[in-house]
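Chain by chain, the residues run as shown.
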Amino acid sequence: MRYGYVKVAAAVPFVRVADCFYNVERHVAMVRRAEEQKVEMLTFPELSITGYTCGDLFLQPFLLEQAEQAICQLAEQTKDLKMLIIVGMPLRAEEKLYNAAVAIQEGKILGAIPKTYLPNYREFQEKRWFNSSLDLSYSTVMIGEHEVEFGHDIIFKCGDVGVGVEICEDMWTPVTPGTRLALNGAHLIFNLSASNENAGKNKYIKSLITSLSSQAITGYIYCSCGFGESSTDLVYTGKAFIAENGEMVAEMERFKLEEKLLVSDIDVERIRTERLINSSFRTAASVYAGEKLKVVPFELKDADRSYEMSRPVERNPFMPSSTNLAERCEEMCQIQMVGLAQRLNHLGKSKIVLGVSGGLDSTLALVVAVRTMDMLGRDRKDIIGVTMPGLGTSKRTYENSKRMIELLGITARDISISEASIEHLKAIGHDTTTQDVTYENAQARERTQILMDIANMEGGFVLGTGDLSELALGWCTYNGDHSSMYSINGSIPKTSIKMMVHQIGASNTFGEELSKILLDVVDTPVSPELTGGELKQKTEDIIGPYEVHDFYLYHMLQNAYSPNKIFYLARKAFEGIYTKEQLKHWMLIFARRFFAQQYKRNFLPDGPKVGVVSLSPRGTWRMPSDASSQMWIETIEKF
């Protein structure tokens, strides 16, 4: 296990119904394929040693004896591998027959788990052959010369990693065995299944698996039988899913007449951290804490520097590639609109005052304000859009902002801050030519003062435009653009705001001319426009790309990953785009600024939580302003 990841797999081999030794041959071949891909845990389908569709042959002692010999042969032929292998077989014990999952590692049979819930409806009639695990009287069973733990109350453990097993129908029940095992310390649940195909059933199974992995905060590996099973009445196509904490991370292609192996990585560290954070899970787990479960030890492979993740790493975890972008952007806008509408209703007939700069953040805030007024049936003229050209304002952004205000039909105010800023700088003894932090911040605070004063004059409130990325890095002026009465973009990162503005522009919601302006805003380099003029001051040239900082922000806050793990993921996500040295440099910038700028976040205006991450000190993130970044910095410097 490296960086908390465990490589797991689901294998669907060819089978011959009731031909145990042919089936073992195919199992061994697939185990070897999995070993080539550095798999650490592998599961096969339900009753994979015999085939699921044996029918009344299950009651033939000869088949049961052959299955027992076959599983021992499988153990012997894989004894050189430190891989946890889980297979399905009929297992005779106590003069009863059980549909069981058997775990093998390094030639040893570690334990057997009988199925608890036996479907006996519609096309299934398992109670004709099998008994439930609830019928067990003994806790061990002999498999060949191996006496092993036997029961539904087994957790396989290697250090802090727990593994539980359930079988097919078990996951379709109101309280699943897998959930109970998860509450007792299983981080991974393997499900050996034999689910036939019905139109629409696959979609339902996917939703069930993602829900189970979310509710129990687990990794879930599902594997169902395929080609070779009898098609007398049913069809089995071979399918597998790997989910992690509500997210489907890998899915097997169906309807292919071939042996299939689905490999991915499960982030056990993330699962353990999420359980630590989630107070409801801890409470639920305490209910089951008194249960006596059997712990069976196993070993994972030693961490290997050559370990490579099989699952892709999203470059933009806030807006992953699986997201329906138009749907997500609209949902986020609607959340902003509802939050703003509630604030407007609370304040009565209050007007909205906001600075419109021609940049991404103020453009999104402007569009949200207009849509909210439309939703409430109020006059757009109750929005006062203020343009405030200053010492570094470019012609491009200035003209874009003025034209947007005009096309949207809101009240326009144009107030230059250049002269006022110079007078202020002179008053405090600044030479007015040195473009230092004071020079920049004086302009930012001048703009905020104007907005606040207009709000007082007009009976309105200032709508903040700053975003989550700027708050994380402290890339805002304290008591300047940092201040407002309601911060509409405060929990949306810069990368997402860019996508949202692009989506609004591409949708042509407000007409062709405004769409062209919105798309030009997206193409405009991000800049505070406080020095230089004509976009010479580019934020990403100074602090690094927002897509990298947003990546660091997401994984530090949402997943609570260590610097080592975040850096490992960043190198994979941005491979071929940025060098290791660049990513290290920007990570140092992120760590230093994130810790140093907490005092700004402790003094934030209200604003809606729109995405999964928020830095509001009243909600998601509470941190002392004087917390030390030393351990993070020292770790990053060693990369």
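Provided above is the structure to which this section pertains.
Report on the accompanying structure. Each chain carries its own residue numbering, running from 1 in the direction its sequence is written. Note on the predicted model: pLDDT of at least 70 is required for a residue's local features to be given, and 80 or more for side-chain atom pairs to be given and counted; whole-chain, interface and lining totals, by contrast, use all residues. In computing side-chain values, all of the structure's heavy atoms are included and hydrogens and water are not.

**Things to note about the packing of helix α8 (residues 360–376) against helix α13 (residues 494–507)**
- At a minimum axis separation of 9 Å, α8 and α13 run at an interaxial angle of 55 degrees. As the angle between them shows, α8 and α13 are arranged oblique. In the packing of α8 onto α13, the handedness of the crossing is left-handed. Within the contact between the two elements, α8 uses Leu360, Asp361, Thr363, Leu364 and Val367 and α13 uses Lys494, Ile497, Lys498, Met500, Val501 and Ile504.
- The class makeup of the residues in the contact of α8 with α13 is 7 nonpolar, 1 polar and 3 charged. An axis is simply a line fitted to the C-alpha atoms; with a helix, the fit covers only the stretch in contact. Between two such axes, the angle follows the N-to-C directions and lies from 0 to 180 degrees. Helix numbers and strand numbers start at the N terminus; a helix is a DSSP run of H or I with at least 4 residues, a strand a run of E with at least 2. Angle categories are assigned with fixed cut-offs, so that under 35 degrees is roughly parallel, over 145 is roughly antiparallel, 65 to 115 is roughly perpendicular, and the rest are oblique. Here is the rule for handedness: rotate from the far helix to the near one, and if that takes an anticlockwise turn smaller than a right angle the crossing is left-handed, while a clockwise turn gives right-handed. Residue contacts follow a heavy-atom distance rule, with two residues in contact if any of their heavy atoms lie within 4.5 Å. Under the scheme applied, nonpolar residues are Ala, Val, Leu, Ile, Met, Phe, Trp, Tyr, Cys and Pro; charged residues are Asp, Glu, Lys and Arg; polar residues are all the others, including Gly.

**Comments concerning unusual backbone geometry**
- The phi dihedral of leucine 47 falls on the positive side, at around 50 degrees, and the residue is not glycine.
- Mapped onto the elements, leucine 47 comes out in the loop between β2 (41–43) and α2 (61–77).
- Judged by its relative accessible area of 0%, leucine 47 is buried.
- The backbone of asparagine 245 shows a phi angle near 50 degrees, a positive value even though the residue is not glycine.
- Within the fold, asparagine 245 resides in the loop between β12 (239–244) and β13 (247–251). Here's how the labels work: a residue is buried when its accessible area is under 20% of the maximum for its type, exposed when over 50%, partly exposed in between, all with a 1.4 Å probe on protein chains only.

**What to know about the sheet that holds strand β6 (residues 140–143)**
- Pairs of strands are assigned from DSSP output, requiring at least two bridges between the strands. Taking strand neighbours across the sheet as the criterion, the 8 strands line up as β6-β7-β5-β4-β3-β2-β1-β14 in an open arrangement whose pairing is mixed. Pairing within the sheet leaves two strands with one partner each, and these edge strands are β6 and β14 (260–267). Averaged over all adjacent pairs, the angle separating strand axes in this sheet is 30 degrees, with direction ignored.

**Some details on the nonpolar core**
- Within the largest apolar cluster, 81 residues are counted, with the highest numbers of intra-cluster contacts made by Leu340, Ile352, Leu364, Leu463, Phe551, Tyr552 and Phe594.
- Each residue touching isoleucine 352, except ones within four places of it in the same chain, is listed here: Leu340, Leu344, Ala369, Met373, Asp382, Ile383, Ile384, Phe461 and Leu463. We call a set of buried Ala, Val, Leu, Ile, Met, Phe, Trp, Tyr and Cys residues a nonpolar core when their side-chain atoms join them within 4.5 Å.

**Here we look at the pattern of salt bridges**
- Salt bridge, as applied in this entry: a Lys or Arg side-chain nitrogen positioned within 4 Å of an Asp or Glu carboxyl oxygen. The final tally for this structure, using the stated rule, is 42 salt bridges.
- The partner of glutamate 308 in a salt bridge is lysine 572, with the nearest N and O atoms 3.5 Å apart. In this pair, glutamate 308 sits in the loop between β15 (294–297) and α7 (325–347) while lysine 572 sits in helix α17 (residues 563–573), placing the two residues 264 residues apart along the sequence.
- Taking the relative accessible area as the measure of exposure, lysine 572 reaches 24% and is therefore partly exposed.
- The partner of arginine 403 in a salt bridge is glutamate 513, with the nearest N and O atoms 2.6 Å apart. Taken together, the positions of arginine 403 in helix α9 (residues 395–408) and glutamate 513 in helix α14 (residues 512–523) put the pair 110 residues apart, joining distant regions of the chain.

**Description of a nonpolar patch on the surface**
- Where nonpolar side chains cluster on the molecular surface, the patch consists of Tyr478, Tyr599 and Phe603 and spans about 290 Å² of accessible area.
- Following the sequence through the fold, tyrosine 478 ends up in the loop between α12 (468–473) and β20 (486–487). A patch consists of residues whose relative accessible area exceeds 30% and which take part in no salt bridge; residues with like charges are grouped when within 9 Å of each other, and nonpolar side chains (Val, Leu, Ile, Met, Phe, Trp, Tyr) when within 5 Å. For every accessible area listed, the method is Shrake-Rupley and the probe measures 1.4 Å; residues are considered covered only by the protein chains on display.

**Considerations on the packing of aromatic side chains**
- The pairing test for Phe, Tyr and Trp rings, Trp by its six-membered ring, is centres within 6.5 Å, and the orientation test on the planes gives stacked under 30 degrees, edge-to-face over 60, and tilted for anything in between. The full count for this structure, using the stated rule, is 23 aromatic pairs.
- Aromatic side chains tyrosine 121 and phenylalanine 124 sit 6.5 Å apart centroid to centroid with 70 degrees between the ring planes, which places their arrangement in the edge-to-face category.
- Owing to a relative accessible area of 13%, phenylalanine 124 belongs among the buried residues under this scheme.
- Through a chain of ring-to-ring contacts, three or more aromatic side chains come together here, namely Phe551, Tyr552, Phe574, Tyr578, Trp586, Phe590, Phe594, Phe595, Trp621 and Trp632.
- The rule is short: NZ of Lys or CZ of Arg within 6 Å of the ring centre and within 35 degrees of the ring normal puts a charge over the ring. Sitting above the plane of the tyrosine 22 ring, arginine 16 keeps its charged end 3.9 Å from the centroid.
- The ring of tyrosine 5 is capped by lysine 565, whose NZ or CZ atom sits 4.4 Å from the centre of that ring.

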